[in-house]
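Listed below are the residues making up each chain.
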Amino acid sequence: MNQFLIAHVSGNRSKSLKKFMIPVLILMMVFNIPLIHAQETKTHGATATGEGIIYEAAEVEWKNGPASFEAGSQFAVLEGDPSKDGYFNMRLKLPDGFRIAPHWHPQFERVTVISGTFLLGHGDSGDRNATQRLEAGSYFSMPPEMIHYAITEGETIVQLATMGPWNIIYVKDEDDPRKRK
């Protein structure tokens, strides 16, 4: 694209146009400023445009786990690294009836329900009758160390968009799958 514009400007155009455009084009090339739109490249299934990351639904790469959840769960990291300091964005796909025992996190937890129904409870009871029903489109945020639990109805996908490092600390050691292996 840059070569085309330079060739076009250096054709039979006026000298004033050349004097203006050539320095502008050189600066754009030196500082890698896009002329019309950003060049698209594929990165981990997402389209990186120089202005952001785009995932089409079919491109989300689901993996088994995380290890801190019972079998049957899946996750996909969309941006960042949940194990490190800084922003990350991760989705969790949980089957119908999936339970996350009472637990807490050392960082804020910010979650959007993408699909399905997420039953969120506060405290350490794990009682389904004491949960709040969160449908697709719902959002919640909890401060560090707030004890909560969850149960799903139907396959449920939630998205965590928050700061890492992300960790889950179960109230009871026997509820932690990492400690049973």
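Residues numbered from 1 in each chain as written. Predicted model: local features only at pLDDT ≥ 70, side-chain atom pairs only at ≥ 80, totals over all residues. Heavy atoms only, no water.

Participant: Would you take a moment to explain the overall build of the chain for this structure?
Facilitator: Helices and strands together make up the secondary structure of the chain, namely 3 helices and 12 strands. Taking all 181 residues of the chain together, 33% fall into the buried category. When contacts within the chain are restricted to residue pairs at least 6 apart in sequence, long-range pairs at least 24 apart make up 62% of them. Accessible surface for the chain amounts to roughly 11000 Å². Of this, 54% is attributable to carbon and sulfur atoms. (Helix = DSSP H or I, 4+ residues; strand = E, 2+ residues; numbered from the N terminus. Buried < 20%, exposed > 50% of the residue type's maximum accessible area, 1.4 Å probe, protein only. Contact = heavy atoms within 4.5 Å. Areas by Shrake-Rupley, 256 points an atom, 1.4 Å probe, with all protein chains shown as cover.)

Participant: Please clarify how unusual backbone geometry should be interpreted in this entry.
Facilitator: Residues apart from glycine generally show negative phi values, whereas peptide bonds are mostly found in trans. Cis geometry marks the peptide bond from Gly-65 to Pro-66, where omega comes out at 10 degrees. By the secondary structure assignment, Pro-66 is in the loop between β4 (63-64) and β5 (74-79). Note that the residue after Gly-164, namely Pro-165, is joined by a cis bond; omega there is 5 degrees. Along the chain, Pro-165 falls in the loop between β11 (148-164) and β12 (169-170). Positive phi is not limited to glycine here, since Glu-145 has a value of about 70 degrees. Here Glu-145 is to be found in the loop between β10 (139-142) and β11.

Participant: Looking at this model, I keep getting lost on the pattern of salt bridges. Mind explaining?
Facilitator: For side chains bearing opposite charge, pairing can occur when the charged atoms are close. If you walk through the whole model with that rule in mind, you get 7 salt bridges. Put simply, Lys-179 and Asp-173 hold a salt bridge, and the shortest N to O gap is 2.9 Å. Among the residues examined, Lys-179 registers a relative accessible area of 53% and is labelled exposed. For Asp-173, a relative accessible area of 47% puts it in the partly exposed group. Overlapping salt bridges bring together Arg-128, Arg-133, Glu-135 and Glu-153 as one network. (Salt bridge = Lys/Arg side-chain N within 4 Å of Asp/Glu carboxyl O.)

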